[in-house]
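Residue-level structural notes
Residue-level listing of the chains:
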Amino acid sequence: MNTPHFKEVQFTNGYEFTEGTGYTLPEYPFVRPPELVHNKTLRHAVVIVGGGITGLTLACALANLGIKAVLLDEDNTVGVKGASSRGICYTQKSLEIFHKLGIFDRIANKGIQWSVGRTFAGDDEVYNFDLKQQSNFSLSEQPAFINIQQFYIEGYLVESIQALGHVDLRWQSRVKAFKQNKDFATLSVETPEGAYDIQADHVIDASGSHTPFHAWTGVTMESKKGDDRWCIADVRFDTRPPTERHTWIEAPFNENRAVWQHLMADDVWRIDYQMEPNADAAYISREDVVRERLERQFGKNVKVDIVWVGPYAYKSQCLNTLRMGRVFFMGDTAKIVNPFGARGGNTGVADADNLAWKLAAVLRGHADETLLESYNDERLEAAQENVKVTRRTARFLRPADGIERAFRNATISLAKQYPFARSLVNTGRMAVANTYRGSRICGDNGGVSVQNVKIQWRPGKTGALNDLLQWADGRLLLLVFGEQTKASLKRLQELSLSGLAVRCVQVLTQGDHAQAREHVWDKQGRLQSACAAVPAGGWALIRPDGYLADTGKAINGELVGAVATSLGL
Amino acid sequence: MKTELNLQDADTFYEQLLNAHEGLNAQASEQLNMRLILLLANQVGDAAVLRDCIESAKN
């Protein structure tokens, strides 16, 4: 038996440019910051390190709430220079967040919507799914998934931040040193026009998997790496494969190893090939080797333009805490997942949306500082879940030789015969909005994401839940379903006048009469069903990140308690 | 997890199990066992029972 030979390799979960023409990316100018102009160290409430999809989402979410922040990025562009293609698949929850940030339409116009996935083993199709047939995606105004190159989203975020203001985007600014005390952190920044120090009340490390902040803060983590190797080819064809997600567990044209096939924007296809364990990165990504591989899959007659090629190995890693003093970790600095199921970038976006409203609430004096602790409760739970789920996928796709491979063979053979075994075939479990079970600020019915449901302002004028969240402007959104008694209305009025950061909307259905100026119509009961099916007369408290804080059956003291809990009060 | 007899016909089941393996080499026998484990697990379904069975089989 051929035992895998383990050798030390350089681990990366990123893509390094090797061959191909790549894309032309935007370049942003370096602007002398006030610290250099006035030769003075300034204190900022929020400093974000890293302008990838996570850091930019946080910056944009803060800008959207009118919160000032500084973002430091060592590069002067989006994507990674030369290697301009990273994440490709964005979930409904991420798309809902991007809708809130005003860039969803651009993503939808540029990207590719897909809903059909097929999985093959050898020449047989093992199973297929159509997400459009799955009711759990149907309540939202956003589709189940859109595929688009990550740098497009990053570019749209940059433009959105520039339009909103409030956030100072500082390019070509590399953090070289860091220290913190009880009251503030100090970062030493290096730029083309000199070095300077910057002080921060809150530092958000979104600088990616090679972050120096792990060492600087002494945060501990748990880490695993394997011998699985892949090679990506981003290509264009003169023929058009179907707009479907195709995955081969065992591809006859790839020596019975796995292959992924996905469409992105600009008619570019992402083809991921699983390589031999411990394969040599330079060899597998050489252009002639890549071309030969593509020919085996698509035939000699298909003309292929290689846009970009990158070999990769991966590891998975999860911090034991997402906060060290004044530093918050998010995206790939919080955890690194095995690259399956689109669980990397999408969870970075969710990290950012989770912390943004909490920072805003604390900085505006709406919430207690302890609210920030709930970021760790919620996003560490999500990180651990995503690491666990993607490790299971990796174990299916690269089973240990011997008994693990034998079990996989048995599973695949059964899956070809019987529906039940198809659920054991694991080519990646697509990312979802993670549920928060252990959060200090969620009630028993809370901790779940509410989809961006369509509502009616008045007959003929429609909107969506996101419009209500935007109107609430970083405050909690209290939805009260159906007609209320006089006593309940009085209590709601008192709550509105209490000074707590909450805005109230009455949600009406067929036959109801409006009792408040702020009311919307939910005639099909979609919003009610998205809010854990709260009964008429009851309430749902929704946070600015679209998560349910809690629900209740009556307007009473429990509601006031839920509002206070959600704000860490 | 049941530890008292639940099989309707224990001797017949045991005989069928042995017969199924007759004439198979080690690898084919292993595949048969694995397919059988997965088929039976799906009949059980209950996560706690399956966990207890795996733990009990180890000891």
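These numbers were taken from a predicted model, which means no experiment stands behind them.

The next subject is the overall build of chain A. The secondary structure content of chain A amounts to 16 helices and 26 strands. A compact globule built from 569 residues should have a C-alpha radius of gyration of about 25 Å, and chain A, at 25 Å, falls within 12% of that. Seen through its C-alpha atoms, chain A measures out along the principal axes to roughly 75 × 65 × 45 Å. When burial is assessed residue by residue, chain A has 50% of its 569 residues classed as buried.

Before going further, it helps to spend a moment on the domain arrangement of chain A. All names here are of chain A. By the assigned domains, chain A splits into domain 1 (41–110 + 140–220 + 316–392) and domain 2 (454–566). For domain 1 and domain 2, the distance between their C-alpha centres works out to 30 Å. Taken together, the contacts link twelve residues of domain 1 with 13 residues of domain 2. Elements supplying a minimum of two residues to the side of domain 1 that touches domain 2: helix H3 (92–100) and helix H9 (345–363). Residue contributions to the side of domain 1 that touches domain 2 peak at five residues, all from H9. When the residues that make up the side of domain 1 that touches domain 2 are grouped by side-chain class, the tally is five nonpolar, three polar and four charged.

This part covers the sheet that holds strand E3 (residues 89–91) of chain A. Residues and elements named next belong to chain A. Spatially, the three strands line up as an open sheet ordered E3-E7-E4, and their pairing is antiparallel. Since the sheet does not close on itself, it has two edges, and those belong to E3 and strand E4 (112–113), each with one partner. Relative to strand E7 (residues 145–147), E4 runs antiparallel, the two sharing two bridges. Bridging from a neighbouring strand, Ile112 pairs with Asn147 of E7.

Relative to the assigned elements, Asp105 of chain A resides in helix H4 (residues 104–110). Asp105 of chain A sits 89 residues away from Gly194 of chain A along the chain, and the two C-alpha atoms are 40 Å apart.

Before going further, it helps to spend a moment on the interface of chain B and chain A. The partner chain A presents nine residues to the six residues of chain B that form the contact. Here the side of chain B that touches chain A is composed, by residue class, of two nonpolar, two polar and two charged.

The next subject is the pairing of strand E11 (residues 194–205) of chain A. Residue and element names in this part refer to chain A. With seven bridges connecting them, strand E1 (residues 42–49) and E11 associate as parallel partners. Each residue of the ladder has a partner; that of Val49, found in E11, is Asp205. As paired strands, strand E10 (residues 185–191) and E11 are joined by seven bridges and run antiparallel to one another. Pairing of Val189 across the sheet is with Tyr196, part of E11. Hairpin connection from E10 to E11: two residues lie between these consecutive antiparallel strands. In the sheet, E11 pairs with strand E18 (residues 327–329) via three bridges, with the strands oriented parallel. Paired with Ile204 across the two strands is Phe328, which belongs to E18.

A word on unusual backbone geometry. Positioned with a positive phi, Asn256 of chain A is a non-glycine residue whose angle comes to about 60°. Checked against the element boundaries, Asn256 of chain A lands in the loop between strand E13 (245–251) and strand E14 (257–263).

A word on the pairing of E14 of chain A. Along any regular strand, the residues point their side chains to alternate faces of the sheet. All names here are of chain A. Of all seven residues making up E14, seven are buried, and the element is well covered by its neighbours. Here E13 runs beside E14; their pairing, made up of four bridges, is antiparallel. From the neighbouring strand, Thr247 faces E14, where its bridge partner is Trp260. Taking the residues that link successive antiparallel strands as the turn, the E13-E14 hairpin has five residues, and the phi of Glu255 there is positive, at about 50°. Note: E14 against strand E15 (residues 269–275), five bridges, orientation antiparallel. In the sheet register, His262 faces E15, and the bridge partner there is Arg270. Connecting E14 to the next strand, E15, in antiparallel fashion are five residues, including Asp266 with a positive phi near 65°.

Turning our attention to the confidence of the model for chain A. Per-residue confidence for chain A averages 91 on the pLDDT scale, and 95% of its residues sit at or above 70. Counted against residues more than four places away or in other chains, residues 1–19 of chain A, with its pLDDT under 50, gives 45 contacts.

Looking now at the nonpolar core. Residue and element names in this part refer to chain A. The biggest cluster of nonpolar side chains holds 165 residues, and the ones touching the most others in it are Ala59, Leu62 and Leu479. Per element, the largest residue contribution to this core is ten residues, and it comes from H9. Each of two domains, domain 1 (41–110 + 140–220 + 316–392) and domain 2 (454–566), supplies a minimum of three residues to this core. Residues contacting Leu62, with those up to four places away along its chain left out, are Val46, Ile67, Ala69, His166, Val167, Ala356, Leu359 and Ala360.

With that out of the way, let us pick up the environment of Val520 of chain A. Residues and elements named next belong to chain A. In this fold, Val520 is placed in strand E24 (residues 519–521). Linking Val520 and Leu508, residues twelve residues apart in sequence, is a C-alpha distance of 6.2 Å. If we ignore the near neighbours within four places in the chain, the residues touching Val520 are Ile455, Gln456, Trp457, Val505 and Val507.

We now examine the packing of H3 of chain A against H9 of chain A. Residue and element names in this part refer to chain A. For the pair H3 and H9, interaxial distance at closest approach is 9 Å and the crossing angle is 45°. Classified by the angle between their axes, H3 and H9 sit oblique to one another. Crossing hand, H3 versus H9: left-handed. Of the residues in H9, those touching H3 at Lys93, Ser94 and Ile97 are Asn346, Val349, Ala350 and Asp353. Partitioning the contact of H3 with H9 into residue classes produces three nonpolar, two polar and two charged.

Residues and elements named next belong to chain A. Ordered in space as E6-E5-E13-E14-E15-E12-E16-E19, the eight strands form an open sheet in which the pairing is mixed. Of all the strands in the sheet, just strand E6 (124–130) and strand E19 (335–336) have a single pairing partner and so form its edges. With five bridges joining them, strand E5 (residues 116–121) and E13 adopt parallel strand pairing. If you follow Thr119 over to E13, its bridge partner there is Thr247.

Here we come to helix H14 (residues 486–497) of chain A. Residues separated by three or four positions in an α-helix point in the same direction, a consequence of the helix having 3.6 residues per turn. Residues and elements named next belong to chain A. Compared with an ideal rise of 1.5 Å per residue, which puts twelve residues at 16 Å, H14 spans 17 Å between its outermost C-alpha atoms and is within 8% of the ideal. Here H14 lies mainly on the outside; one of its twelve residues are buried. One or two steps after H14, the chain reaches Gly499, where phi turns positive at roughly 90°.

Basis of the calculations
Residues numbered from 1 in each chain as written. Chains lettered and ligands numbered in written order. Predicted model: local features only at pLDDT ≥ 70, side-chain atom pairs only at ≥ 80, totals over all residues. Helix = DSSP H or I, 4+ residues; strand = E, 2+ residues; numbered from the N terminus. Rg over C-alpha atoms; globule rule 2.2 N^0.38 Å. Buried ≥ 20, exposed ≤ 12 C-beta atoms within 10 Å, placed from the backbone. Domains from an automatic or database assignment. Contact = placed C-beta atoms within 7 Å. Nonpolar A, V, L, I, M, F, W, Y, C, P; charged D, E, K, R; others polar. Pairing = 2+ DSSP bridges. pLDDT = per-residue confidence, 0-100. Core = buried A, V, L, I, M, F, W, Y, C linked by C-beta atoms within 7 Å. Axes fitted to C-alpha atoms, helices over the stretch in contact; angles between N-to-C directions. Parallel < 35°, antiparallel > 145°, perpendicular 65-115°, else oblique. Left-handed = near helix turned anticlockwise from the far one by under 90°. Expected span 1.5 Å × (residues − 1).

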